[in-house]
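Residues per chain, in single letters:
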Amino acid sequence: MSRRWPVLAIFILSGAAGLIYEVVWARQLVLVFGNTTQAVSAILTGFFGGIAIGSVIGGRIADRARRPLRMYGLLELILVVIVLLTPVTFRLLHEVYRGAFNSLESEPTVLALIRFGLSLLALGPATILMGATLPTLTRHLSRDPSNLSSSFGRLYAANTLGAIIGTIAAGFILIELLGLTGTLLVGATCSAIAGIGALILDQRRPALPADAAEPAARSLTEPPPGATLAAASGPRPRVRLALIVAYVSGLTSLGYQVLWIRLLASGTGDSTYVFTTILAIFLVGLALGAVAFNVFRTRIRTINLLALGQVVIAALVLLGMITFIGRGGGSGFLALTTNFRTLITHFALPVTVVVLPATFVMGLTFPAASALITDPEGHVGSNTGLLLSANTLGAISGTFIVPFVVIPLVGSPVALGLIALINAGMGIALAFAGRIEERQFRSITGGLAVVMAAVLVVTLAAGSFFVDPNIARIRGIEGTLLGSAEDDIASVQAGSIRGQPQLWVTGTSMTALTVDVKLMPILPLILRPNSTTDLTVAFGMGSAWRGALNAGLKATAVELVPSVPQMFGAFYPDAPSFMANPNGSIIIADGRNHVELTDQHYDIIVVDPPPPIETAGVSVISSLEFYQAAQKRLNPGGVMMQWIPYGQTLDEFKDHVRTYSSVYPHVIVAFGPGGAGLFMLGSDQPISLDPAAIQAVLGRPGVVKDISSAADSPQHDLAGWAAEIPQLVWIQGDQVAKFAGSGPLVTDDHPLPEYFLLRHLFGAKSPQVNRTLLQSLTPAP
């Protein structure tokens with residue numbers, strides 16, 4: 001045992017590094033390919049595909065190696081070099097993708113294939129090496145092939161423990177402190193320590209004897225010396241079953257991960273800490289299950305465990321859906337809040353109840369499959385590689401089938417039930433795959449699996465249990481639901497609460513019919529009355545895009561979530577006429593990606609980031625690099641409007657103003673008359689609210705009527721608005737730099753709005769921004 005612990009410690013470091021790489025690379029490649037589900041799936045396919053290839057190839061090579069621990073150490077050190085080169089690699093791929101984007105933007109299928117190919121090129125070299133590590137270390141620890149299951153279980157548990165550490169460290173600490181590049185360097189350091197440690201340990205251990213490596217060098221279909229022809233003609237016992245179990249395990253576990261993140265994060269505001277919490281609890285369950293397997297491995301029958309485990313997983317998933325998710329989470333569960341302590345208090349405990357028991361059983365069953373591939377011929381590395389590759393291929397299938405096929409067809413809640421049905425079906429198959437002498441167990445477990453499958457079918461057919469949590473919450477507070485849809489990106493609802501129209505995306509209210517939104521295209525137009533083209537990033541209820549068309553502009557909107565524009569008619573009865581307007585167009589794409597890669601130019605760009613300000617991914621449309629890209633898309637003298645909502649500290653607000661004004665030399669910051677936030681207006685040429693321009697723009701047909709139609713509108717005629725608009729200006733010119741001062745910028749590498757935990761818990765206290773506070777801090781002109 002004492003000899004195993006140093007190796008297990010090394011693999012904990014490797015697991016931590018692997019999750020750090022996944023978190024950072026996913027974030028960096030989203031900036032290249034966009035934040036669409038297709039792009040994210042391409043990234044995950046590149047990641048998992050490389051691991052699958054590496055596990056097969058690495059396993060075969062490990063079986064031929066007399067010093068597999070040395071091989072592992074070299075794999076880790078080569079990985080370090082490749083990791084350090086990934087920022088350069090990603091930049092080169094970005095330029096390749098940029099070259100293909102404009103010519104193929106109208107060919108989404110071809111563009112998707114290019115994303116997949118480039119993802120494999122970007123991640124393949126590193127992930128192939130990562131995939132080879134588990135079979136290699138399993139080969140090292142399993143000098144006796146009969147120990148394969150024990151070694152695999154221990155290494156799986158160690159690697160998952162490392163993954164937990166990497167997830168928590170990257171998500172809660174490292175990215176905030178060091179940025180994405182610094183976090184990647186921490187991961188590379190972990191890999192380097194693991195590699196050097198393995199080489200040092202290898203010097204203290206003898207190589208495998210030549211006769212131990214020789215049987216492993218034979219092909220998997222070549223019979224051992226003295227084997228009969230009959231024995232050589234078929235597959236080894238249980239290997240095929242093990243691979244099926246591993247594939248289904250990968251498919252269902254990734255499916256549950258995708259769906260639980262959607263359903264449990266509903267209504268939380270989609271903070272990055274929500275996603276990190278769910279993933280960490282998911283991995284804790286897997287790790288605890290793997291540890292339990294190692295403890296009880298010799299006391300249980302493998303097939304019995306696998307069959308019963310599938311039934312228990314299905315039952316736990318159904319229980320979590322009925323008791324928590326389908327009921328909207330219960331009192332206070334998943335409540336929208338930007339307070340981290342409140343969020344964890346009302347969120348982490350229910351998520352633990354839903355996720356931890358099921359993932360614990362998952363963690364038991366996958367390592368158990370390794371007991372089915374114990375091979376006296378010594379194919380330890382190859383068999384381990386096949387098992388891992390089957391599991392990884394299942395995970396790849398899950399990243400495709402669940403978001404692209406199942407969710408658009410039936411929605412996330414029903415998809416969860418269908419995956420549980422797969423577990424129940426697998427339980428039935430495994431129960432009857434047991435040996436004849438286990439007839440009593442087969443009858444009991446098979447019967448339970450059949451009953452579980454029947455219960456799932458009945459509850460799915462009833463339609464009242466597998467319900468979107470936001471729909472359950474709307475019904476629970478007697479709100480009105482006007483429309484609901486779910487696509488590969490998110491679940492979307494349109495309705496009203498106490499007569500107030502609401503648009504929910506992933507359970508979070510995105511916007512309202514406020515005067516602030518209606519003014520978003522009008523203020524830039526006043527600054528540049530000769531403008532003819534407008535780009536709106538984030539469609540929302542359609543107010544800003546509709547307002548631009550209403551003001552006579554040729555208006556383009558870019559919206560990430562396909563179902564959002566479908567709700568336009570729920571808020572505006574005249575929506576069909578605007579949708580038919582030849583001057584209007586709606587592009588379903590990632591806004592950041594479009595701004596960076598399109599060859600179109602605009603006179604006005606309006607950006608209304610989804611609330612709250614800490615939403616995961618919001619920094620990609622409020623960073624230095626985004627503002628620079630937007631400036632390049634503006635015609636000379638064009639104006640960009642960036643909406644900044646309240647709900648942040650003064651220091652964080654200054655970061656936004658500082659970042660914006662570092663790109664645009666001429667800036668006006670104006671209060672929203674609705675009291676929800678501020679407009680930042682920037683240009684490369686001087687801007688001012690000229691009274692004549694105000695009168696001219698407000699005098700266009702329908703403009704005053706539209707902005708005055710909001711329930712919170714302070715004015716209702718042209719004269720009132722002509723007097724109101726100049727009063728909205730808070731600071732401009734030199735005042736902007738004086739207010740912002742020196743300090744950090746929001747960048748792609750340091751997404752400050754999304755990673756704030758340490759600042760809020762341990763940093764200097766900064767007051768919450770509101771109009772009264774800002775007016776008291778107005779610098780002198």
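As the structure is a computational prediction, the values presented were derived from the model and not from experiment.

So, how was this worked out
Residues numbered from 1 in each chain as written. Predicted model: local features only at pLDDT ≥ 70, side-chain atom pairs only at ≥ 80, totals over all residues. Heavy atoms only, no water. Helix = DSSP H or I, 4+ residues; strand = E, 2+ residues; numbered from the N terminus. Buried < 20%, exposed > 50% of the residue type's maximum accessible area, 1.4 Å probe, protein only. Phe/Tyr/Trp six-rings, centres within 6.5 Å; stacked < 30°, edge-to-face > 60°. Lys NZ or Arg CZ within 6 Å of the ring centre and 35° of its normal. Core = buried A, V, L, I, M, F, W, Y, C linked by side-chain atoms within 4.5 Å. Contact = heavy atoms within 4.5 Å. pLDDT = per-residue confidence, 0-100. Axes fitted to C-alpha atoms, helices over the stretch in contact; angles between N-to-C directions. Parallel < 35°, antiparallel > 145°, perpendicular 65-115°, else oblique. Left-handed = near helix turned anticlockwise from the far one by under 90°. Nonpolar A, V, L, I, M, F, W, Y, C, P; charged D, E, K, R; others polar. Salt bridge = Lys/Arg side-chain N within 4 Å of Asp/Glu carboxyl O. Pairing = 2+ DSSP bridges. Right-handed = clockwise from strand over helix to strand, strands pointing away.

Trainee: How would you explain the environment of Ala710 if you had to name every residue and give the values?
Mentor: Checked against the element boundaries, Ala710 lands in the loop between helix 25 (703–708) and helix 26 (718–727). What makes Ala710 buried here is its relative accessible area of 5%. Separated by 198 residues in the primary sequence, Ala710 and Ala512 place their C-alpha atoms 9.4 Å from one another.

Trainee: Which residues make up the packing of aromatic side chains, and what values go with them?
Mentor: Enumeration over the complete set of coordinates arrives at 25 aromatic pairs. Here Trp545 and Phe568 contribute two aromatic rings whose centre-to-centre distance is 5.9 Å and whose plane-to-plane angle is 70°, an arrangement assigned as edge-to-face. Residue Trp545 is found in helix 18 (residues 543–550), and its partner Phe568 is found in helix 19 (residues 568–571); the two are separated by 23 residues along the sequence. Using a relative accessible area of 1% as the deciding quantity, one classes Trp545 as buried. The buried category is assigned to Phe568, whose relative accessible area is 1%. Ring geometry for Phe671 and Trp730: centres 5.9 Å apart, planes at 40°, overall tilted. Note that Phe671 is positioned in strand 10 (residues 666–671) and Trp730 in strand 12 (residues 729–732), a separation of 59 residues in sequence. For the pair Phe671 and Trp730, a shared accessibility class is recorded, and that class is buried. Joined through ring pairs, the aromatic side chains of Tyr21, Trp25, Phe47 and Phe48 make up one cluster. The lysine or arginine in question, Lys654, covers the ring of Phe739, its NZ or CZ lying 5.4 Å from the ring centre.

Trainee: Which residues make up helix 18, and what values do they have?
Mentor: Summarising burial for helix 18: 7 of the 8 residues are buried, a large majority. The set of residues buried in helix 18 consists of Ser543, Ala544, Trp545, Arg546, Gly547, Ala548 and Leu549.

Trainee: Please give an account of the nonpolar core that cites residues and values.
Mentor: Counting residues in each nonpolar core, the largest one holds 88 residues, and the members touching the most others are Tyr256, Trp260 and Leu416. In contact with Leu416, not counting residues within four places along its chain, are Tyr256, Leu259, Trp260, Leu263, Val317, Met321, Ile325 and Phe466. Core analysis: the second largest hydrophobic core is formed by 57 residues, Phe539, Ala544, Ala551 and Phe568 among them.

Trainee: Describe the confidence of the model for the protein chain, with residues and values.
Mentor: Where the model shows low pLDDT, its predicted coordinates should not be examined in detail. Looking at the protein chain as a whole, the pLDDT averages 87, with 89% of positions reaching at least 70. Below pLDDT 50 for its whole length, residues 330–338 participates in 29 contacts with residues either more than four positions away or in separate chains.

Trainee: Tell me what's going on with the packing of helix 24 (residues 691–698) against helix 26, and back it up with residues and numbers.
Mentor: Contact geometry of helix 24 with helix 26 gives a least axis separation of 10 Å together with a crossing angle of 135°. Taken together, helix 24 and helix 26 sit at an angle that is classed as oblique. Note that helix 24 runs across helix 26; the crossing there is right-handed. Only Leu718, Trp721, Ala722, Ile725 and Pro726 of helix 26 make contact with helix 24, whose side of the interface consists of Ile694, Gln695 and Leu698. Tallied by class, the residues present in the contact of helix 24 with helix 26 amount to 7 nonpolar, 1 polar and no charged.

Trainee: Any chance you could break down the pattern of salt bridges for me, citing the residues and the numbers?
Mentor: What the rule picks out here adds up to 14 salt bridges. When the shortest N-O distance is used, the salt bridge between Asp63 and Arg139 registers 4.0 Å. You can see Asp63 sitting in helix 2 (residues 37–64) and its partner Arg139 sitting in helix 4 (residues 108–141), a full 76 residues away along the chain. The pair Asp63 / Arg139 is uniform in exposure class, with both members buried. A salt bridge links Glu176 to Arg759; the nearest nitrogen and oxygen atoms lie 3.8 Å apart. With Glu176 in helix 5 (residues 148–203) and Arg759 in helix 28 (residues 757–762), the pair connects residues that are 583 residues apart, well separated along the chain. Look at Glu176 and you get buried, because its relative accessible area is 10%. On the basis of relative accessibility, which here comes to 26%, the residue Arg759 falls in the partly exposed class. Each of the salt bridges in this network shares a partner with another, and the network as a whole consists of Lys518, Arg546, Asp574 and Asp706.

Trainee: Residue-level account of the packing of helix 8 (residues 239–264) against helix 9 (residues 272–296), with values.
Mentor: Relative to each other, helix 8 and helix 9 sit at 145°, their axes nearing to 10 Å. In the crossing of helix 8 with helix 9, the sense of the turn from one axis to the other is right-handed. Residues Ser253, Gln257, Trp260, Ile261 and Leu264 of helix 8 touch helix 9, and the partners they reach there are Phe275, Ile278, Leu279 and Phe282. Its residues assigned to classes, the contact of helix 8 with helix 9 comprises 7 nonpolar, 2 polar and no charged.

Trainee: Now, about the sheet that holds strand 3 (residues 500–505): what can you tell me, with residues and values included?
Mentor: Strands pair in a sheet through their backbones, by hydrogen bonds, and they do so in one of two ways: parallel or antiparallel. Across the sheet, 4 strands lie side by side as 1-2-3-4; this open sheet has antiparallel pairing. The two strands at the open ends of the sheet, each matched to only one other strand, are strand 1 (480–486) and strand 4 (508–511). Neighbour-to-neighbour, the strand axes of this sheet turn through a mean angle of 30°, independent of strand direction. Against the sheet, helix 15 (residues 469–476) touches strand 1, strand 2 (491–497) and strand 3, its axis set at about 180° to strand 1.

Trainee: With reference to specific residues and values, describe the pairing of strand 9 (residues 634–645).
Mentor: Most of strand 9 sits inside the fold, with 10 of its 12 residues counted as buried. As paired elements, strand 8 (residues 602–607) and strand 9 share 5 bridges and run parallel to each other. Paired with Val606 across the bridge in strand 9 is Met641. Following the backbone out of strand 8, through helix 22 (residues 624–633) and into the adjacent parallel strand 9, one traces a crossover that is right-handed. Where strand 9 lies against strand 11 (residues 677–683), 7 bridges are found, and the strand directions are antiparallel. Its bridge partner lying in strand 11, Gln642 is registered against Met680.

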